Structures are given as structure tokens and as C-alpha cells.
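Chain residues, written in single-letter form:
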Amino acid sequence: MTPVDALLAAAALHLGFQMVVTGVVYPALAEVPDDDWSRAHDAHSRRMTLVVGPVYGLLAAACLWVLVSGPIHAAVLASVGGAVVSAAATAFVAAPTHGELGRAGRNGHLMSRLRSADRVRFCGAVTCALFALVA
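All of these numbers come straight from a predicted model, not from anything done at the bench.

### Observations regarding the overall build of the chain
Phase 1: What the chain contains, in helices and strands, is 4 helices and 0 strands.
Phase 2: What you see in the chain, going N to C, is helices and strands ordered as α-α-α-α.
Phase 3: In terms of principal-axis extent, the alpha carbons of the chain reach across some 55 × 25 × 20 Å.
Phase 4: Residues classed as buried in the chain amount to 37% of the 135 residues present.
Phase 5: Long-range pairs, those at least 24 residues apart, make up 78% of the contacts in the chain between residues at least 6 apart in sequence.
Phase 6: Accessible surface computed for the chain: about 7,100 Å², of which carbon and sulfur atoms make up 70%.

Right, dumping it as C-alpha cells:
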């Protein structure tokens, strides 16, 4: 397996994961009744942590491998850039927002912020996968 192959595999895994989060997990979470919010959100957070870590860990490892292996082509940089966008949206917006949702409960502002971060992550995942495919 080449570094670019690893990037493509990790990008595809990440995109599949992100598609499930965007299309299934977050819509289901949004439908949880208010009186069950705390329990459902806590369960969501525990379960997602088990998946997010390995997916982002593999993606980071593939990005690092492709960057240190050289030569670096524009498509590789664009792919890695998409991964960075997704990771940054997760680390700096989605994760802290989930923390606030866990402490304060659901409200429209926090849910809107979470959905916005998710759209950014999705776009980053698509960018990462498409450019990895052409790299």
C-alpha cells in the first residue's frame, strides 16, 4: 500500500462515517423528545467517542504518511486540507458544542451551531475523499 492508497482508504472511511453522522445520527438525535434529551445525548456522546477516535486517528496517520513520504502534489494537499477542515470543525466547534448540550440541555442555538459544524465536516470529508481519489 502506498501513502496515497492509505490516504484514499482513510478518506473513504471518513466520508462513509461522516455520511452516516450527517444523514442518520444527527437527524435521529434531533428527534429525541425534550424529556429524554439528557439520557439520549449522553448515550450518543459515549458511543460516538468510540468511533470518532479511530476514524480520525487513521485519517491523521494517513495524512501524515502522505505528507512525509513526498513528493506532495496539489491534489494531496487539497485532500489533506479537507481532512484538516473536518478535524478542526470537530475539535473546535462540534465537540465543545456537544459539551454545552450535555451541560445546558438542548436549545435552538446550540443545535444550529452543531448542524453548521456538521455541514463543514461533511464538506471537508467530501473534499478529502475526492482529492484523494485523483491524487
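### Side note on the packing of helix α3 (residues 74-104) against helix α4 (residues 108-134)
Phase 1: Running from N to C, α3 and α4 cross one another at 160°; their axes reach a closest spacing of 7 Å. The angle between α3 and α4 places the two elements in the roughly antiparallel class. Judged by the sense of rotation from one axis to the other, the crossing of α3 with α4 is left-handed.
Phase 2: Of the residues contributing to the contact of α3 with α4, the split by class is 18 nonpolar, 8 polar and 3 charged.

### Some thoughts on unusual backbone geometry
Phase 1: Cis geometry marks the peptide bond from G70 to P71, where omega comes out at -15°.
Phase 2: Here P71 shows up in the loop between α2 (37-69) and α3.

### Details of a nonpolar patch on the surface
Phase 1: Side chains of M1, L64, W65, L67, V68, I72 and L77 sit close together on the surface and give an oily, nonpolar patch of about 730 Å² of accessible area.
Phase 2: Structurally, L67 is set in helix α2.

### Side note on the UniProt feature "transmembrane region" (unreviewed entry) in the chain
Phase 1: UniProt annotation of "transmembrane region" (unreviewed entry) refers to residues 6-29, 50-68 and 74-95 when read in the numbering used here.
Phase 2: Secondary structure content for residues 6-29 is 100% helix and 0% strand, while the C-alpha to C-alpha distance between its ends is 32 Å.

Conventions and cut-offs
- Residues numbered from 1 in each chain as written.
- Predicted model: local features only at pLDDT ≥ 70, side-chain atom pairs only at ≥ 80, totals over all residues.
- Heavy atoms only, no water.
- Helix = DSSP H or I, 4+ residues; strand = E, 2+ residues; numbered from the N terminus.
- Buried < 20%, exposed > 50% of the residue type's maximum accessible area, 1.4 Å probe, protein only.
- Contact = heavy atoms within 4.5 Å.
- Areas by Shrake-Rupley, 256 points an atom, 1.4 Å probe, with all protein chains shown as cover.
- Axes fitted to C-alpha atoms, helices over the stretch in contact; angles between N-to-C directions.
- Parallel < 35°, antiparallel > 145°, perpendicular 65-115°, else oblique.
- Left-handed = near helix turned anticlockwise from the far one by under 90°.
- Nonpolar A, V, L, I, M, F, W, Y, C, P; charged D, E, K, R; others polar.
- Patch = residues over 30% accessible without salt bridge, like charges linked within 9 Å, V, L, I, M, F, W, Y side chains within 5 Å.
- Salt bridge = Lys/Arg side-chain N within 4 Å of Asp/Glu carboxyl O.
- UniProt positions renumbered as here; feature names shortened; annotations may be inferred.

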